[in-house]
Amino acid sequence: MREISFEETDKLYGCLEELAKHHNKVSTHFEGYYPITTSEQRIESFKGELKSGKSFISVIENDQKVIGFCKICVDGGKGVLEYLVVVEQERGHGYGIALMDWAMEKFQELEITDIDVKVVFGNNALDFYKKYGFREKSIVLGLCMDK
């Protein structure tokens, strides 16, 4: 596991595509809705955020291919765990735990104590985050008028 720079964000494309497929599969009410923005747009956004120093990304690789990543953002004393992705065929090997541990250590290093994570409704990752002390803070409802 290692942190990457903005020059390496293109390596995340496969994970982002798989995440969109996963969200469409597990989403209770918004199947087919994801991705909201294209993987290319997200990667460009990641580059700018990494350059600004407000985001950090750690990856897990197998044969130089990214099989999982975690992206966190910080702003003042607030942190957001934006992405934690492990490709489906690599789940169950502790990679998600390793990435989450990295994120929590990074937040601690940066003295961030107020951390949010958003989970797609229907995603079973909720219990995973609860093991780290996260609790429901709010419920966001969505309406997609064009679907």
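This text goes with the structure placed above it.
These notes cover the structure that comes with them. Everything quoted here is computed from the prediction, not taken from an experiment.

1. Describing the overall build of the protein
In terms of regular secondary structure, the protein is built from four helices and five strands. Mapped from its N terminus to its C terminus, the protein presents α and β elements in the order β-α-α-β-β-β-α-β-α. Along the first, second and third principal axes, the C-alpha set of the protein runs to 40 × 35 × 30 Å. Here the contacts in the protein between residues at least 6 apart in sequence split such that 61% fall between residues at least 24 apart. A total of about 9,200 Å² of accessible surface is found on the protein, and carbon and sulfur atoms cover 51% of it. Averaged over its 19 positive side-chain charges, the protein has a centre that lies 3 Å from the centre of its 25 negative ones.

2. Quick notes on the pairing of strand E5 (residues 114-117)
Note that strand E4 (residues 78-86) and E5 share four bridges and pair parallel. Residue pairing in the sheet places Lys78 in a bridge with Asp114 of E5. You can see the chain leave E4, run along helix H3 (residues 95-109) and come back into E5, and the turn it takes is right-handed.

3. Overview of the state of the cysteines
This model, assessed by the stated rule, comprises zero disulfides. Cysteine Cys15 shares no disulfide, and the gap to the nearest cysteine sulfur, in Cys70, comes to 12 Å. The structure places no disulfide on Cys70, whose sulfur is separated from the nearest cysteine sulfur, that of Cys73, by 10 Å. Among the residues examined, Cys70 registers a relative accessible area of 0% and is labelled buried.

4. Structural notes on helix H1 (residues 13-26)
Between its terminal C-alpha atoms H1 stretches 20 Å, which fits the 20 Å expected from 14 residues at 1.5 Å a residue. Within H1, burial applies to Cys15, Leu16, Glu18, Leu19, Ala20, His22, His23 and Asn24. Tucked inside the fold, the buried residues of H1 contact helix H2 (39-52), strand E3 (65-75) and E4.

5. A few points about the pattern of salt bridges
Under the definition given, this model contains 15 salt bridges. Taking the shortest distance from any N to any O, the salt bridge between Asp75 and Lys54 comes out at 3.5 Å. Residue Asp75 is found in strand E3, and its partner Lys54 is found in the loop between H2 and strand E2 (55-62); the two are separated by 21 residues along the sequence. One connected set of salt bridges, linked through shared partners, spans Arg2, Glu8, Lys11 and Glu61.

6. Comments concerning the packing of H1 against H2
Running from N to C, H1 and H2 point in directions that differ by 125 degrees, and their axes come no closer than 10 Å. With respect to H2, the element H1 is oriented oblique. By crossing handedness, the relation of H1 to H2 is classed as right-handed. Within the contact between the two elements, H1 uses Tyr13, Leu16 and Glu17 and H2 uses Ser39, Glu40, Arg42, Ile43 and Phe46. In terms of residue class, the contact of H1 with H2 is built from four nonpolar, one polar and three charged.

7. A word on the packing of aromatic side chains
Enumeration according to the criterion identifies six aromatic pairs in this entry. Relative to Tyr83, the ring of Phe46 lies with its centre 5.2 Å away and its plane at 70 degrees, an arrangement referred to as edge-to-face. With Phe46 in helix H2 and Tyr83 in strand E4, the pair connects residues that are 37 residues apart, well separated along the chain. Looking at Tyr83, the relative accessible area reads 15%, which means it is buried. Taken together, the ring pairs connect Phe128, Tyr129, Tyr132 and Phe134 into an aromatic cluster. One cation-aromatic arrangement involves Lys106 over Phe56; the distance from NZ or CZ to the ring centre is 4.5 Å.

What counts, and at which threshold
- Starting from 1, residues in each chain are numbered consecutively following that chain's sequence as written.
- Only residues with pLDDT of 70 or above have their local features reported here, since the model is predicted, and side-chain atom pairs are shown and tallied only from 80 upward, although totals for entire chains, interfaces and linings are computed over all residues.
- Here the side-chain values reflect all heavy atoms present in the structure, with hydrogen atoms and water set aside.
- Each helix is a run of DSSP H or I of at least 4 residues and each strand a run of E of at least 2, with the numbering of both proceeding from the N terminus.
- Note on definitions: a residue-residue contact is assigned when non-hydrogen atoms from the two residues lie within 4.5 Å.
- Computed with the Shrake-Rupley method and a 1.4 Å probe, the accessible areas treat only the protein chains shown as cover for residues.
- Neither His nor the chain termini are counted; the positive set is Lys and Arg, and the negative set is Asp and Glu.
- All charge positions are set by atom: Lys at NZ, Arg at CZ, Asp at CG, Glu at CD.
- One requirement defines pairing of two strands: DSSP has to find at least two bridges between them.
- Look down the strands so they point away from you; if the path from the first strand over the helix to the second goes clockwise, the crossover is right-handed.
- We call a pair of cysteine sulfur atoms a disulfide when they lie within 2.5 Å.
- Throughout this description, buried means an accessible area under 20% of the type-specific maximum (1.4 Å probe, protein chains only), exposed means over 50%, and partly exposed covers the range between.
- Expected span of a helix: the number of residues minus one, times 1.5 Å.
- Criterion for a salt bridge: a side-chain nitrogen of Lys or Arg within 4 Å of a carboxyl oxygen of Asp or Glu.
- What counts as an axis is a line fitted to C-alpha atoms, over the stretch in contact for a helix, and the angles between N-to-C directions run from 0 to 180 degrees.
- Any angle that falls under 35 degrees is termed roughly parallel, while one over 145 is termed roughly antiparallel, one within 65 to 115 roughly perpendicular, and all others oblique.
- Here a crossing is called left-handed whenever its near helix is offset anticlockwise from the far helix by less than a right angle, and right-handed whenever the offset is clockwise.
- Residues were grouped as follows: Ala, Val, Leu, Ile, Met, Phe, Trp, Tyr, Cys and Pro as nonpolar; Asp, Glu, Lys and Arg as charged; and all remaining residues, including Gly, as polar.
- Each Phe, Tyr or Trp ring (for Trp, its six-membered ring) is paired with any other whose centre lies within 6.5 Å, and the angle between the two planes then decides the class: stacked below 30 degrees, edge-to-face above 60, tilted in between.
- Two limits define a charge over a ring: the Lys NZ or Arg CZ must be within 6 Å of the ring centre, and within 35 degrees of the ring normal.

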